[in-house]
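Single-letter residue listing:
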Amino acid sequence: MLGPAWTPPPTHEVTAADGRVIRYCCYGPPQGRPVVSLAGTPGTRWERPDVIRAFQQAGLRVVAPDRPGYGGSTRQPGRAVADVAADVALIAGALVWQRFAVTGFSGGGPHALACAALLARRVTCCAMVASPAPADAEGVDFFADRTPGSAEDFRLARRGEQALRPYLRARSREAMARFEADPEQAPGRPAAPDSGRMSRLRASFEGGLDGWIDDDIALVRPWGFDLGRVTGPVSLWHGARDTRVPRAHTDWLLAHLPGAQGHEHPGGHDPDEAAYGRILNWLGGP
């Protein structure tokens, strides 16, 4: 049930050449510096109230799209990480954005990097937050030092949708039951009861099951682009206590993205308010 003081933000949509609908929300001042923000896995275009305030304070105009299979965005079975670039270009075109920054959190990190590589002339900078490395990254054990649920997701993803779907469906139901019984167990920073938190979680975990499946499969397969095509500024942000994406992933990406800047914050997987402010300031530029 929606909280009494919260309603979902307005949704916009564009239609791709193949007929798929892509949904997104816009946040921050209309004349702010343009940024595309790609959610984690699973995720939603509905941002938290504290995040929306942070966008406003940073002077950023942020577009948050739902990847295919989430929130009414048409599913795209078999999609690769690289495929997000065409969808982002379509949204940017609808907004008449010639150039824009990109950021991605967790599973959104590789998707943000895909935009930096494949839309290099349009992307001004790219911030990757708690991002995994490629599953075949040499010297990185993709499954090591993760929370058990996260590691099992990706093991099953390698076997395909038939193996992964029942597991994620059960995990989604168990997670929502746990969050409803004790909201403090929910991911992210604490939120007021009327902030729409449970609605956002349902949109991510229940309404986005197809997107979650396709994200996991895309992340364990080749990403579909060459990291060498990334030419603009890149920053990687890692939490010192992150148990979902170990430090080895950030180190690998730093080693394979010449000139990328590494930043560590004292938190876990989700950056705290101060760290998030630093990320937004970096995206906003000088």
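Anyway, here's the lowdown on the structure attached to this text. Nothing here was measured: the structure is a model prediction, and the numbers come from that model.

1. Concerning helix α4 (residues 148-157)
Those residues of α4 lying buried are Ser150, Ala151, Asp153, Phe154, Leu156 and Ala157. Its buried side turned inward, α4 meets α5 (161-181) and α7 (209-220).

2. Observations concerning the state of the cysteines
With the rule as written, the count across this model stands at zero disulfides. With no disulfide partner, Cys26 has as its closest neighbouring cysteine sulfur the one in Cys25, 7.4 Å distant. Exposure remark for Cys26: the relative accessible area of 18% places this residue in the buried category. Of all cysteine sulfurs in the structure, the one in Cys126 sits closest to Cys115, which takes part in no disulfide; the separation is 7.9 Å.

3. Thoughts on the nonpolar core
Formed by 64 residues in total, the largest nonpolar core has its most connected members in Phe100, Leu113, Phe225, Leu253 and Leu257. For this core, the element with the highest residue contribution is α7, accounting for seven residues. In this structure, Leu113 is in contact with Cys126, Met128, Trp223, Phe225, Leu227, Val230 and Leu257, ignoring residues within four places of it in sequence. Residues Cys25, Trp46, Val62 and Ile279 belong to the second largest nonpolar core, which totals 21 residues.

4. Re the pattern of salt bridges
All told, the structure shown has 16 salt bridges when counted by the stated rule. Close ionic contact of Asp210 with Arg165 constitutes a salt bridge, the shortest N to O distance being 2.7 Å. Placement of Asp210 in helix α7 and of Arg165 in helix α5 is noted, with a sequence separation of 45 residues between them. For Arg165, a relative accessible area of 18% gives the class buried. Each of Arg75, Glu161, Arg165, Asp210 and Asp214 takes part in a single network of salt bridges with overlapping partners.

5. Let's talk about the pairing of strand β6 (residues 123-129)
For a regular strand, side-chain orientation follows a simple rule: the groups alternate between the two sheet faces. Most of β6 is tucked away, with six of its seven residues classed as buried. Pairing analysis gives five bridges linking strand β5 (residues 100-105) to β6, with the strands arranged parallel. Along β6, the bridge assignment pairs Val102 with Cys126. Traced from β5 through helix α3 (residues 108-118) to β6, the parallel crossover comes out right-handed. Here β6 runs beside strand β7 (residues 234-239); their pairing, made up of four bridges, is parallel. Bridge pairing in β7 links Ala127 to Ser235.

6. Structural notes on the environment of Val140
Along the polypeptide, Val140 turns up in the loop between β6 and α4. Linking Val140 and Asp251, residues 111 residues apart in sequence, is a C-alpha distance of 9.4 Å. If we ignore the near neighbours within four places in the chain, the residues touching Val140 are Ala248, His249 and Trp252.

7. Considerations on the packing of aromatic side chains
By the definition in use, this model includes six aromatic pairs. Taking the centre distance of 6.1 Å and the plane angle of 45° together, the rings of Tyr27 and Phe55 count as tilted. Residue Tyr27 is found in strand β2 (residues 21-27), and its partner Phe55 is found in helix α1 (residues 49-58); the two are separated by 28 residues along the sequence. Across this residue pair, the class does not change: Tyr27 and Phe55 are buried. Taking the centre distance of 5.3 Å and the plane angle of 75° together, the rings of Phe142 and Phe154 count as edge-to-face. Remark: Phe154 occurs in helix α4 and Phe142 occurs in the loop between β6 and α4; sequence separation between them is twelve residues. An identical accessibility class is assigned to Phe142 and Phe154; each is buried. Put simply, the rings of Tyr27, Phe55 and Tyr276 touch in pairs and so form one group of aromatic residues. One cation-aromatic arrangement involves Arg146 over Phe142; the distance from NZ or CZ to the ring centre is 4.7 Å.

8. With respect to α1
Listing the buried residues of α1 in full gives Val51, Ala54 and Phe55. On an axial view of α1, the arc spanned by its buried residues comes to 100°, and they lie on one face. Lining the buried residues of α1 we find β2, β4 (60-65) and α9 (273-284). Where α1 ends, the next residue or the one after it, Gly59, has phi of about 70°, a positive value.

So, how was this worked out
- Residues numbered from 1 in each chain as written.
- Predicted model: local features only at pLDDT ≥ 70, side-chain atom pairs only at ≥ 80, totals over all residues.
- Heavy atoms only, no water.
- Buried < 20%, exposed > 50% of the residue type's maximum accessible area, 1.4 Å probe, protein only.
- Helix = DSSP H or I, 4+ residues; strand = E, 2+ residues; numbered from the N terminus.
- Contact = heavy atoms within 4.5 Å.
- Disulfide = S-S within 2.5 Å.
- Core = buried A, V, L, I, M, F, W, Y, C linked by side-chain atoms within 4.5 Å.
- Salt bridge = Lys/Arg side-chain N within 4 Å of Asp/Glu carboxyl O.
- Pairing = 2+ DSSP bridges.
- Right-handed = clockwise from strand over helix to strand, strands pointing away.
- Phe/Tyr/Trp six-rings, centres within 6.5 Å; stacked < 30°, edge-to-face > 60°.
- Lys NZ or Arg CZ within 6 Å of the ring centre and 35° of its normal.
- Arc of directions from axis to C-beta.

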